[in-house]
Amino acid sequence: MDTAFYPCRGFYLLLWALFSLLFPVYSDVKKREALSLERGVVKEEDTLTERLSGLGIEGVNGVGSTLPQCVKLADSEPLALQSEGDVVIGGLFPLHYVAPKPQHSYHSKPQLTPCSGFDHRAFRWMMTMVFAVEEINSNSSLLPGVKLGYRIMDSCDDVHTSLQALLSLVNMNTQSQSLSSCLADSPVPAVIGLASSSPTRAVAQTLGPFNLPLVSYFATCTCLSDKHMYPSFLRTVPSDFFQVKGLVQLVTFLGWLWVGTIGTTDDYSQYGIQAFSNQFRQQGGCLAFHLTIPTSPTAAEIQEMADTLQSSTARVVVVFATEGQLLDLLLELAQRNVTGIQWVASEAWVTASLLTSAHFHPVLEGTLGFSFPAVRIPGFKEFLLNVYPSPKPGMAFVNMFWEELFGCRLEFKEDQSKENQAPVCTGSEDLRYTNSSFTDVSDVSYNVYKAVYAIAHALHTLLNCDSAGHNKGMCDNHKSFTSRQLLHHLKIVNFTNQFEEKVYFDSNGEPVPLYDIINWQKDSKGIIRFIKVGSYDGSAPLRRQLQIEQSTIVWTKGQSQVPASQCSAPCSPGSRQARRPGEPHCCFDCLPCADGQISNQTGSTECTKCPEYYWSDKDKVKCIAGIEEFLSFHDTMGIILVTLTLLGVVMTTIVTAVFYRFRSTPIVKANNSEISFLLLLSLKLCFLCSLLFIGQPSVWTCRLRQAAFGISFVLCLSCLLVKTIVVLLAFRANAPGSRGLKLFGPSQQMILILCTTAPQVCLCAGWLLGAAPFPFKNPNYQATTGKIVVECKEPWPPGFYLVLGYIGLLAFICLLLAFLGRKLPDTFNEAKLITFSMLIFLAVWISFIPAYVSSPGKFTVAVEVFAILASSFGLLLCIFVPKCYIILLQPQRNIKKGITRKYLT
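Residues numbered from 1 in each chain as written. Predicted model: local features only at pLDDT ≥ 70, side-chain atom pairs only at ≥ 80, totals over all residues. Heavy atoms only, no water.

Peer 1: Please explain the overall build of the protein as it appears in this structure.
Peer 2: On a plain count of helices and strands, the protein comes out with 27 helices and 27 strands. Within the span of the protein, comprising 905 residues, buried residues form 52% of the whole. In the protein, 70% of the contacts between residues at least 6 apart in sequence involve partners at least 24 apart. Total accessible area on the protein is roughly 41200 Å²; 57% of this is exposed by carbon and sulfur atoms. (Helix = DSSP H or I, 4+ residues; strand = E, 2+ residues; numbered from the N terminus. Buried < 20%, exposed > 50% of the residue type's maximum accessible area, 1.4 Å probe, protein only. Contact = heavy atoms within 4.5 Å. Areas by Shrake-Rupley, 256 points an atom, 1.4 Å probe, with all protein chains shown as cover.)

Peer 1: Explain the state of the cysteines to me, please; I cannot follow it from the model alone.
Peer 2: Under the counting rule described, the total for this entry stands at eight disulfides. The partner cysteine of Cys-115 in its disulfide is Cys-156, sulfur to sulfur 1.9 Å. A torsion of 105° about the S-S bond marks the disulfide between Cys-115 and Cys-156 as right-handed. Note that Cys-115 is positioned in the loop between β3 (96-98) and β4 (116-118) and Cys-156 in the loop between β5 (148-154) and α4 (159-169), a separation of 41 residues in sequence. Considered together, Cys-115 and Cys-156 belong to a single accessibility category, that of buried residues. Disulfide pairing places Cys-610 opposite Cys-623 at an S-S distance of 1.9 Å. (Disulfide = S-S within 2.5 Å.)

Peer 1: Quick question: what am I supposed to make of the pairing of strand β11 (residues 316-319) here?
Peer 2: Two faces belong to every sheet, and in a regular strand the side chains alternate between them. Burial of β11 is two-sided: the residues Val-316 and Val-318 facing one way and the residues Val-317 and Val-319 facing the other way are all buried. Relative to β11, strand β9 (residues 258-264) runs parallel, the two being bridged by four bridges. Note that in β11 the partner of Ile-262 across the bridge is Val-319. As defined by bridge partners, β11 adjoins strand β12 (residues 342-345) across four bridges and the pair is classed as parallel. Note on β12: the bridge partner recorded for Val-317 is Trp-343. Handedness of the crossover joining β11 and β12 through helix α10 (residues 323-336) is recorded here as right-handed. (Pairing = 2+ DSSP bridges. Right-handed = clockwise from strand over helix to strand, strands pointing away.)

Peer 1: Would you take a moment to explain unusual backbone geometry for this structure?
Peer 2: Working note: non-glycine residues mostly have negative phi, and peptide bonds are mostly trans. Across the junction of Gly-193 and Leu-194, the peptide omega takes the value 0°, indicating a cis bond. Mapped onto the fold, Leu-194 is located in the loop between β6 (191-192) and α6 (197-207). A positive phi is found at Asn-211, a non-glycine position, where the angle reads about 55°. Mapping Asn-211 onto the fold places it in the loop between α6 and β7 (214-216). Asn-211 sits in the buried class, given a relative accessible area of 14%. Even without being a glycine, Asn-464 presents a positive backbone phi close to 55°.

Peer 1: Can you walk me through helix α8 (residues 267-282) in this structure?
Peer 2: Each α-helix turn comprises 3.6 residues. Residues three or four places apart therefore point the same way. With 16 residues, α8 extends 22 Å from end C-alpha to end C-alpha; this agrees with the ideal 22 Å at 1.5 Å per step. Among all positions of α8, only Asp-267, Tyr-268, Ser-269, Gly-272, Ile-273, Phe-276, Ser-277 and Phe-280 are buried. As for α8, its buried residues are in contact with α6, α7 (240-253), β9, β10 (286-293) and β11. Gly-284 sits one or two positions beyond α8 and adopts a positive phi of about 90°. (Expected span 1.5 Å × (residues − 1).)

Peer 1: What is the right way to read the environment of Leu-327 from this model?
Peer 2: Considering the arrangement of structural elements, one finds Leu-327 in helix α10. In this structure the C-alpha to C-alpha distance between Leu-327 and Leu-354, which are 27 residues apart in sequence, comes to 8.9 Å. Residues in contact with Leu-327, not counting those within four places in the same chain, are Leu-355 and Phe-360.

Peer 1: Explain the sheet that holds strand β27 (residues 787-793) here, please?
Peer 2: Sheet strands pair by backbone hydrogen bonding; their relative direction is either parallel or antiparallel. Sheet architecture is open: three strands sit in the order β25-β27-β26, paired in mixed fashion. Pairing within the sheet leaves two strands with one partner each, and these edge strands are β25 (627-629) and β26 (774-778). Looking at each pair of strands side by side, their axes are set apart by 30° on average, direction ignored. Of the pairings in the sheet, the one linking β26 to β27 comprises five bridges and is antiparallel in character. Note that in β27 the partner of Phe-774 across the bridge is Lys-793. (Axes fitted to C-alpha atoms, helices over the stretch in contact; angles between N-to-C directions.)

Peer 1: Which parts of the structure should I look at to understand the pattern of salt bridges?
Peer 2: Pairing between side chains of opposite charge can happen when the charged atoms of each approach one another. By the definition in use, this model includes eleven salt bridges. We note a salt bridge from Arg-235 to Glu-510, for which the minimum N-O separation is 2.6 Å. Residue Arg-235 is found in strand β8 (residues 233-235), and its partner Glu-510 is found in the loop between β15 (502-504) and β16 (514-522); the two are separated by 275 residues along the sequence. Overall, Arg-235 belongs to the buried group, its relative accessible area being 0%. According to the relative accessible area criterion, Glu-510 is buried, its value standing at 3%. Between Arg-336 and Glu-332 there is a salt bridge, with the nearest N and O atoms lying 2.9 Å from each other. Separated by four residues within a single helix, Arg-336 and Glu-332 lie in helix α10, roughly one turn from each other. Judged by relative accessible area, Glu-332 falls into the buried class, the value being 15%. Here the salt bridges do not stand alone but share partners, grouping Asp-307, Glu-332 and Arg-336 into one network. (Salt bridge = Lys/Arg side-chain N within 4 Å of Asp/Glu carboxyl O.)

Peer 1: What is the right way to read the confidence of the model for the protein from this model?
Peer 2: Low-pLDDT stretches of the model should not have their predicted coordinates read in fine detail. Looking at the protein, the pLDDT average stands at 81 and 83% of residues meet or exceed 70. Predicted confidence is poor over residues 1-68, with pLDDT under 50, and the contacts of this stretch with residues over four places away or in other chains come to 115 contacts. In the predicted structure, residues 173-186 sits below a pLDDT of 50 and forms 33 contacts with residues beyond four places in sequence or in another chain. (pLDDT = per-residue confidence, 0-100.)

Peer 1: Would you explain the sheet that holds β12 in this entry?
Peer 2: Taken in spatial order, the eight strands line up as β10-β9-β11-β12-β13-β16-β17-β18 in an open sheet, and their pairing is mixed. Bordering the open sheet on either side are β10 and β18 (546-548), each of which pairs with just one other strand. Across the sheet, the axes of successive neighbouring strands diverge by a mean angle of 25°, strand direction being ignored. Along the sheet, α8 contacts β9, β10 and β11; its crossing angle with β9, the most-contacted strand, is approximately 165°. In the packing of helix α9 (residues 299-311) onto the sheet, contacts are made with β9, β10, β11 and β12, and the angle to β10 comes to roughly 160°.

Peer 1: I would appreciate a short explanation of helix α16 (residues 636-661) in the present structure.
Peer 2: Look at α16: 37 Å from first C-alpha to last across 26 residues, which is about the 38 Å you get at 1.5 Å a residue. For α16, every residue scored as buried is listed here: Gly-638, Leu-641, Val-642, Thr-645, Gly-648, Val-649, Thr-652, Val-655, Val-658 and Phe-659.

Peer 1: Quick question: what am I supposed to make of the packing of α9 against α10 here?
Peer 2: Packed helix pairs are specified by the crossing angle of their axes together with the interaxial distance, meaning the distance between the axes. Direction vectors running N to C along α9 and α10 enclose 60°, while the axes themselves pass 9 Å from each other. Our classification of the angle between α9 and α10 gives oblique. You can see that α9 and α10 cross each other, and the crossing is right-handed. Contacts between α9 and α10 involve Ile-302, Gln-303, Met-305, Ala-306, Asp-307, Leu-309 and Gln-310 from the former and Asp-328, Leu-329, Glu-332, Leu-333 and Arg-336 from the latter. (Parallel < 35°, antiparallel > 145°, perpendicular 65-115°, else oblique. Left-handed = near helix turned anticlockwise from the far one by under 90°.)

Peer 1: I tried to follow the packing of aromatic side chains on my own but got confused; where do I start?
Peer 2: When we look at a pair of aromatic rings, we describe it by the centre distance and by the angle of the planes. Per the counting criterion, the structure on display carries 36 aromatic pairs. A ring pair is formed by Phe-118 and Phe-123, whose centres lie 5.9 Å apart and whose planes are at 50°; its orientation type is tilted. As far as the burial class goes, Phe-118 and Phe-123 line up, both buried. Ring geometry for Phe-241 against Phe-242: centres 5.1 Å apart, planes inclined by 85°, an arrangement best described as edge-to-face. One cation-aromatic arrangement involves Arg-703 over Trp-700; the distance from NZ or CZ to the ring centre is 5.7 Å. The ring of Phe-776 carries the charged tip of Lys-793 above its face, separated from the ring centre by 4.9 Å. (Phe/Tyr/Trp six-rings, centres within 6.5 Å; stacked < 30°, edge-to-face > 60°. Lys NZ or Arg CZ within 6 Å of the ring centre and 35° of its normal.)

Peer 1: Would you explain the packing of helix α23 (residues 797-820) against helix α24 (residues 830-854) in this entry?
Peer 2: Where α23 meets α24, the closest approach of the two axes is 8 Å, and the angle between their N-to-C directions is 150°. Classified by the angle their axes make, α23 and α24 are roughly antiparallel. Where α23 crosses over α24, the two elements pack in a sense that is left-handed. Contacts between α23 and α24 involve Phe-800, Leu-804, Ile-807, Gly-808, Ala-811, Phe-812, Cys-814, Leu-815, Ala-818 and Phe-819 from the first element and Ala-831, Ile-834, Thr-835, Met-838, Leu-839, Phe-841, Leu-842, Trp-845, Phe-848, Ile-849 and Tyr-852 from the second. Its residues placed into classes, the contact of α23 with α24 shows 19 nonpolar, two polar and no charged. (Nonpolar A, V, L, I, M, F, W, Y, C, P; charged D, E, K, R; others polar.)

Peer 1: Looking at this structure, how should I read the environment of Leu-257?
Peer 2: Secondary-structure assignment places Leu-257 in the loop between α7 and β9. Leu-257 sits in the buried class, given a relative accessible area of 5%. As a C-alpha pair, Leu-257 and Val-316 span 59 residues in sequence and 9.1 Å in three-dimensional space.

In structure tokens, the structure reads:
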């Protein structure tokens, strides 16, 4: 074993600080204790001497000593399940749930007293750690060249025994009497544990000042989130802060405002009940009673609590406790046949198989509670089923489990009690045929599994296992590190495991708060099954945290209806409860829900706001999807606009065909046929782009509609601008063959069209790339109409106005130039036609702006489509219809002489 791994200095400081703090006050405490005993007021459990003896510590040096000595905890060594390795991880598991009460005589060393009440579920948790360590060792990619070991001890779910196990865990060399070597060779750089919050607080507070990591798999008390008190504590389970919030939401969601609570004297229960009570009252709830189960309750205390439960009008009880702590009370209730109580369980006992025996079915059927998400670890169940007893050293826990499960005794055990008359184990016992929580591979086991892997990944980084270097892909197994270094890497560990779950710790050393909602349901064979009926995600938005399938829940006594627990009669659906002034919270009046809110359950405390794009019906009992409204092809208005669009396309096509048919005639040639055909093409595009505005908006139609509209009209106006310039140059030339007209030939005309169109193309491209319009459901009209307008939202409105402004600029230039040629001869004055068309164009778009801004909903789109069609028809009719009239109806004028006769007279 390579001792270079182990943080010897940290352990040295741990023991040094522990005894330095305790030694100066020890003799003083003894003196005060004797004085207090004389006065008859001291309590045994309040003295520091008892605390030391409770840990098995004695023999502290006297006043004359200059250096405290490391002492043995007891004459006998605590049992442990261990495996050697380069790095040994410590483990503390509550294999027993009844710890012996310390007996202190102060005349002899305290002996290790065995615990009682073997917990099969905790044994499974312990074997999960063994399984995870062996799986990591067999995986050559995570810690190549490094073998993980483990040393696991029984905490007995008690503060005294947990601290006793901790000091034994980190001090393997118990024979040493020198402080310098007492903890120097301890092979435990990190500890996995514990299950209960009170023992965990004691252990975490002990290890915290020395930065020795403690990773808990089941301690959920909110108090452990205090990083000042517990700087080296982390956990793979979420804090009770989130569970309490979820339980409050669950209870109020189900309409239970009159409930009782049951807890114990430990930190987990006290913090949980206190937080639940405060938040529950804030939500308008009332506590009918609160019962506290003592550590060792008497029969009278149990009967008194059972009387309270039996006589209370509250039919819902929220419980923060473990199955072992609840056992006596539930046995009393089962004996009395007390049924009809809806139990709401915390995660500590909601999946406890110990309470699913047929004896408890009438009492506990229908129990509802929070559990950690169940994950099936591949190969783990097979691993559990292959656990067998063995006479080899270190197998005491396994042998103990075997005898407890099968009710037999192993012959090879040396410590057999004479009173043990159980039959001898045959060796043919098979775990496959047992009904025990040991083989339920879900539950907390996955949290233990994650804890082991988190430590392994931290070691992976700490030992430079990713570095090729001189290690050739192997871990640096000669690197010395301290517990502080391992804690640092453990806090920042971040990896995705084989179940696609991202494992990391937040600033409080906690994971993402995820829970399953479990319901106790009896199957066809009469066996209680834990059925998932919902989930809770504490990191989600408030109204989306709780997800529950109420229809799948079986309630107490096998009912299908939610049980009632109330002070006043519940409000009917569609209304909410309002507290009456001067009366208890649970006595209320009923007020109808506001618009947009619903309450679809009897006795709702608050009306639930409908999700976005949904609206409450007239009875305020359900949310209905808002009616999506847009300019549809099936609407009357949409049909009219589509008809006009197709008419424009057909007319443009006819004009194009006429011009192409008579392309060799003087009137077509005189109108610059190339530019005319390009103008007709752009007009056809103008008509067609209006179709993009009709129908349900999509990502592509939203992006293309304004760009197609802007570019088509700019191309159209560019052609008109060129035609206007050509007309001016042609008719204002002093003589035929003017140089100005020659300089502005077809090539120059096309260049001008490209130059005037390019800015609009660039503007549209930049607009679409930078802030493209997108489909958007606008609920602003929902408050009055219940309709949702589906429109294209423009994140950068100036883009549209710049596109429109550039079109207006070109139209104004065309109008100005055409106005300059208005006095040209009437026989063929295209400038006058362009002037008239531009006046119509500008009039349409100037009137479009106020109409566009003031039009509601889909009419905004209709106004824009109408403007596009009106301006397109104006250009088509004003510019091309007169020419078609001459070509088709007055062909005698379609001659060169007819066109130029006024210039020749």
